[in-house]
Amino acid sequence: MIDLATALVRFTSRNLDGLRQYSKLDPDDAASSQFLILLLGTQFASSEYLLQALWRQEKDRVWQADLLAASKPWHLRLTHVAQHLGGLDEAIQRIHDEYGIPIETVKGQMDNVLREVQADRTRLGSLDPSDLEDMTLIRVKGDAKFSARNRMIQCAQARSEGDIGTAIFHMKRAVELQPESAEYHFHLGADLGKAGEVEEAIQECWVAAQLNPTWELPRVEVGIILLNAGRSQEACEHLESMARNQSGLSAHLAFNLGVARLRTSDAAGALDALEKAIEAKPDHALALDIAAHCAFLIGDQVKGRKLAKLANQFGQSETYQEWKDGKYRKRNIP
């Protein structure tokens, strides 16, 4: 139980750090999002990314395995655990072996717990439809803020299922309900960008940026949308202008600037930006991987190998495998 509690503390604290960094939720909304993540688990939007991020930070190998397993079908993990844990008799024997409690005492305590559970009439049981015959069922609706947050959740669910059209539908409704929300305009812009609606997507991101001028995420998203649309030079110019106006670069801005520079054939400049991203976030696996690629391109074999190995340790192995396959030997580099 202590291990479980401490792992939960790590999970919630790191997740709240992510919410603070990548959204502008007020404390109440952040707490609500945290609750939904705990409640819905892998059904919650972006849970796969979240689990991977937590897996990279987790030091406990057992919890690492559980976090990774959580993104897979649950019954596979349940079967695995059942095969290794054994039955009730084995559990009783383990308690006896580890704590020295007599087996009969453990069995007696378990019997007491079972009796208490079976006698508890407050637990929810199966509902008999006849119980509803004399009842009036109503749908409880919240205010605009509540409804908009509900649309956000539905959007996230649709997005996680790859249904970007439905995600946009819900996000547009959230924007209608809360037009002053920079967060909703930003998410609508990001989804429109994924759907290829480039100009409308950029417009929504600029609205978000105007509503919250200190929030960099919508402005960086403009560059990402341009990159995904194949407009690399425009993206690079936009991100370069952002970088010039900031004293220090966040990992998010530095990473996307590095990608834009690489797309415009500036491998040395890309490496410089990516190293800034890695400095801000040392476990940024994709930044490490692309930085390794850039280092090989400019002929720095030592740095390329070092970065590729680090990226591989954090689960991003594309450049590492290409290096192992000999792609980055001098004669093979275009």
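To start, this report covers the structure provided alongside it.

What counts, and where the lines are drawn
- Residues numbered from 1 in each chain as written.
- Predicted model: local features only at pLDDT ≥ 70, side-chain atom pairs only at ≥ 80, totals over all residues.
- Heavy atoms only, no water.
- Salt bridge = Lys/Arg side-chain N within 4 Å of Asp/Glu carboxyl O.
- Helix = DSSP H or I, 4+ residues; strand = E, 2+ residues; numbered from the N terminus.
- Buried < 20%, exposed > 50% of the residue type's maximum accessible area, 1.4 Å probe, protein only.
- Axes fitted to C-alpha atoms, helices over the stretch in contact; angles between N-to-C directions.
- Parallel < 35°, antiparallel > 145°, perpendicular 65-115°, else oblique.
- Left-handed = near helix turned anticlockwise from the far one by under 90°.
- Contact = heavy atoms within 4.5 Å.
- Core = buried A, V, L, I, M, F, W, Y, C linked by side-chain atoms within 4.5 Å.
- Polar contact = N/O pair within 3.5 Å; in protein donor to acceptor, adjacent residues only side chain to side chain.
- Expected span 1.5 Å × (residues − 1).
- Arc of directions from axis to C-beta.

**Describing the pattern of salt bridges**
Summed over the entire model, instances satisfying the criterion amount to 11 salt bridges. A salt bridge links Arg261 to Glu240; the shortest N-O distance between them is 2.8 Å. With Arg261 in helix 14 (residues 251-263) and Glu240 in helix 13 (residues 232-244), the pair connects residues that are 21 residues apart, well separated along the chain. The burial state of Arg261 is the same as that of Glu240; both residues are buried. Here Lys281 and Asp283 are joined by a salt bridge, their closest N and O atoms 3.4 Å apart.

**Quick look at the packing of helix 8 (residues 144-160) against helix 10 (residues 182-194)**
Contact pair helix 8 / helix 10: the axes reach a minimum separation of 12 Å and the direction vectors enclose 25°. Considered as vectors, helix 8 and helix 10 are oriented roughly parallel to each other. Like other packed secondary-structure pairs, helix 8 and helix 10 cross with a definite hand, here left-handed. Counted together, Ala148, Arg149, Met152, Cys155 and Arg159 of helix 8 and Glu183, Tyr184, His187, Asp191 and Lys194 of helix 10 form the full contact between these two elements.

**Quick look at the nonpolar core**
For soluble globular proteins, the rule of thumb is that nonpolar side chains tend to be buried together. Met171, Tyr184, Leu239, Phe255, Leu274 and Leu307 are the most contacted members of the largest nonpolar core, which totals 53 residues. With eight residues, helix 16 (residues 285-297) is the single largest residue contributor to this core. The contacts of Met171, once residues within four sequence positions are left out, are Met152, Cys155, Tyr184, His187, Leu188 and Asp191.

**Observations regarding the side chain of Arg149**
Looking at the secondary structure, you find Arg149 in helix 8. Among the polar contacts made by the side chain of Arg149, one reaches the side chain of Glu183 at a distance of 3.1 Å.

**Considering the side chain of His185**
Looking at the element boundaries, His185 is found in helix 10. What makes His185 buried here is its relative accessible area of 8%. A distance of 2.9 Å separates the side chain of His185 from the backbone oxygen of Pro179, its partner in a polar contact.

**Overview of helix 8**
An ideal rise of 1.5 Å per residue puts 24 Å on 17 residues; helix 8 measures up with 24 Å between its terminal C-alpha atoms. Positive backbone phi, approximately 80°, marks Gly162, located one or two places after helix 8.

**Some thoughts on helix 11 (residues 198-211)**
The terminal C-alpha atoms of helix 11 lie 20 Å apart, and with 14 residues this matches the ideal 20 Å at 1.5 Å per residue to within 8%. Turning to helix 11, its buried residues number three or more, namely Val198, Ala201, Ile202, Glu204, Cys205, Ala208 and Ala209. Along the long axis of helix 11, the arc covered by the buried residues comes to 160°, so they all point the same way. Exposed and facing more than 90 degrees away from the buried side of helix 11 are Glu199, Gln203 and Gln210. Turning to helix 11, the residues buried within the fold contact helix 10 and helix 12 (217-228).

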